[in-house]
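Geometric and topological summary
Spelled out, the chains give:
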Amino acid sequence: MQKRTALTLPLKRYGTSVRGARLEYIASQSRCDLLIVAGIHGEEPETTVALSRAVRSLAPEDVTPNVSLVLAANPDGLTLGTRGNANGVDLNRNFPSSNWQPQPTTCRWYADEEEELPILTGETPASEPESAALIKLIDTLRPRMVLTLHGPLACVDDPQKSRLATWICGETGLPLVSDIGYPTPGSMGTWAGERNLPWITWEFPPDGVEKICKSQVPTLVKILKGEAPLSP
Ligand SMILES: [Zn+2]
């Protein structure tokens, strides 16, 4: 382990957010087997910190050459502290899946309470620069699998029950589910499923950053070191 406080791996730009922030990723050194995406929901900054800490736990040469990383897919939401982007759109409901809907969908104020608020899905599928750029990045990298980091539902969602998802559950003790339990029109996972792109949603537990870094980051580090099964 060579822990560092600063991120030293080079970041490449793949787009620009609504408010002009750089959308960036760390590129795999060779064929991209796995793309890991954090910070899609601005209210889940723990995912960005966890992925950053995992990268900073390793010497750059110890990161497996087959993984690409997006630390902050929604930089405006992370800056503003909002679930959606600067247009108020939930990026994870803005993907061009067959069930995308123009009407607002809902999200919970607290994950474990019933109260729901409307949230926009965008004027058209992939109307938001952050989702359009992420789709373009996926089309360019052509990863074999995508792993997205979320919180705080404490589970791993993978309808295909892939080897990687099963392995993450074994490492973290989180349950493997094939449905998150509520409708997600226009979600990235649904879009990916329709393209036969294996997609795993890793939902961190409802803990603070410190606790999550202890409970989840060691598993992320193993993935980055190439110790996890990276084939679907
Ligand atoms: Zn989320």
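The coordinates are above.
The structure displayed is predicted, hence computed values, not measured ones. (Residues numbered from 1 in each chain as written. Predicted model: local features only at pLDDT ≥ 70, side-chain atom pairs only at ≥ 80, totals over all residues. Heavy atoms only, no water.)

On the protein side, the zinc ion has His-41 (ND1), Glu-44 (OE), Glu-44 (OE) and His-150 (ND1) as donor atoms, found 2.0 to 2.4 Å from it. Read N to C, the donor residues that coordinate the zinc ion are spaced as H-x2-E-x105-H. Of this pair, His-41 sits in the loop between β3 (34-37) and α1 (45-56) while His-150 sits in strand β7 (residues 145-150), and the two are 109 residues apart along the sequence. The exposure class of His-41 is buried, given its relative accessible area of 2%. Taking relative accessible area as the criterion, His-150 reaches 3% and is therefore assigned buried. (Donors = N, O, S within 2.8 Å, 3.2 Å for Na, K, Ca; no water. Helix = DSSP H or I, 4+ residues; strand = E, 2+ residues; numbered from the N terminus. Buried < 20%, exposed > 50% of the residue type's maximum accessible area, 1.4 Å probe, protein only.)

Glancing now at the pattern of salt bridges. In the structure shown here, the tally under the stated rule is ten salt bridges. Two residues, Arg-22 and Glu-24, come together in a salt bridge whose shortest N-O distance is 2.7 Å. Of the residues examined, Glu-24 reaches a relative accessible area of 22% and is grouped as partly exposed. Notably, a salt bridge pairs Asp-33 with Arg-144, separated by 3.3 Å at the nearest N-O pair. (Salt bridge = Lys/Arg side-chain N within 4 Å of Asp/Glu carboxyl O.)

Moving on: the packing of helix α4 (residues 163-172) against helix α7 (residues 217-224). Where α4 contacts α7, the two axes come as close as 9 Å, and the packing angle between them is 140°. Taken together, α4 and α7 sit at an angle that is classed as oblique. Seen along the crossing, α4 lies across α7 with a hand that is right-handed. Of the residues in α7, those touching α4 at Leu-164, Trp-167, Ile-168, Glu-171 and Thr-172 are Thr-219, Lys-222 and Ile-223. Of the residues assigned to the contact of α4 with α7, the class counts are four nonpolar, two polar and two charged. (Axes fitted to C-alpha atoms, helices over the stretch in contact; angles between N-to-C directions. Parallel < 35°, antiparallel > 145°, perpendicular 65-115°, else oblique. Left-handed = near helix turned anticlockwise from the far one by under 90°. Contact = heavy atoms within 4.5 Å. Nonpolar A, V, L, I, M, F, W, Y, C, P; charged D, E, K, R; others polar.)

This part is about the packing of α1 against α7. Packed helix pairs are specified by the crossing angle of their axes together with the interaxial distance, meaning the distance between the axes. Running from N to C, α1 and α7 cross one another at 55°; their axes reach a closest spacing of 9 Å. Judged on the interaxial angle alone, α7 and α1 are oblique. Relative to α7, the crossing made by α1 is right-handed. Seen from α1, the contacting residues are Ala-50, Leu-51, Arg-53, Ala-54 and Val-55; seen from α7, they are Val-217, Leu-220, Val-221 and Leu-224. Considering only residue class, the contact of α1 with α7 consists of eight nonpolar, no polar and one charged.

Turning our attention to the sheet that holds strand β10 (residues 199-203). Reading across the sheet, the six strands line up as β4-β3-β7-β10-β8-β9 and stay open at both edges, with mixed pairing between neighbours. Edge positions in the sheet fall to β4 (67-70) and β9 (176-177), since each has one partner strand and no second. With five bridges connecting them, β7 and β10 associate as parallel partners. Bridge assignment links Val-146 to a residue of β10, and that residue is Trp-199. (Pairing = 2+ DSSP bridges.)

This part takes up α1. Compared with an ideal rise of 1.5 Å per residue, which puts twelve residues at 16 Å, α1 spans 17 Å between its outermost C-alpha atoms and is within 8% of the ideal. Where the residues of α1 are buried, they touch β3, β4, α2 (75-80), β7, α6 (209-215) and α7. (Expected span 1.5 Å × (residues − 1).)

A separate point is the nonpolar core. Membership of the largest hydrophobic core comes to 36 residues, with the highest contact counts inside it found for Ile-36, Leu-164, Trp-202 and Ile-223. Counting residues per element, the ones that place at least two in this core are β3, α1, β4, β7, α4, β10, α6 and α7. With sequence-adjacent residues up to four places away left out, Ile-36 is seen in contact with Leu-51, Val-67, Ser-68, Leu-69, Val-70, Leu-147, Leu-149, Leu-220, Ile-223 and Leu-224. Membership of the second largest hydrophobic core comes to 24 residues, among which are Val-70, Val-146, Met-188 and Trp-191. (Core = buried A, V, L, I, M, F, W, Y, C linked by side-chain atoms within 4.5 Å.)

This part takes up the side chain of Ser-131. Looking at the secondary structure, you find Ser-131 in helix α3 (residues 129-141). Once you skip the residues sitting within four places of it in the chain, Ser-131 turns out to touch Leu-91, Asn-94, Phe-95 and Ala-126.

Moving on to the state of the cysteines. Inspection of the entire model under this criterion finds zero disulfides. Its sulfur unpaired, Cys-169 is 8.4 Å from the next cysteine sulfur, which belongs to Cys-155. (Disulfide = S-S within 2.5 Å.)

For the rest of this paragraph, the subject is the pairing of strand β5 (residues 105-108). Burial along β5 is one-sided: the residues Thr-105 and Cys-107 are buried and none of Thr-106 and Arg-108 is. Of the strand pairs in this sheet, β5 and strand β6 (residues 116-119) are connected by four bridges, and their pairing is antiparallel. Paired with Cys-107 across the two strands is Leu-117, which belongs to β6.

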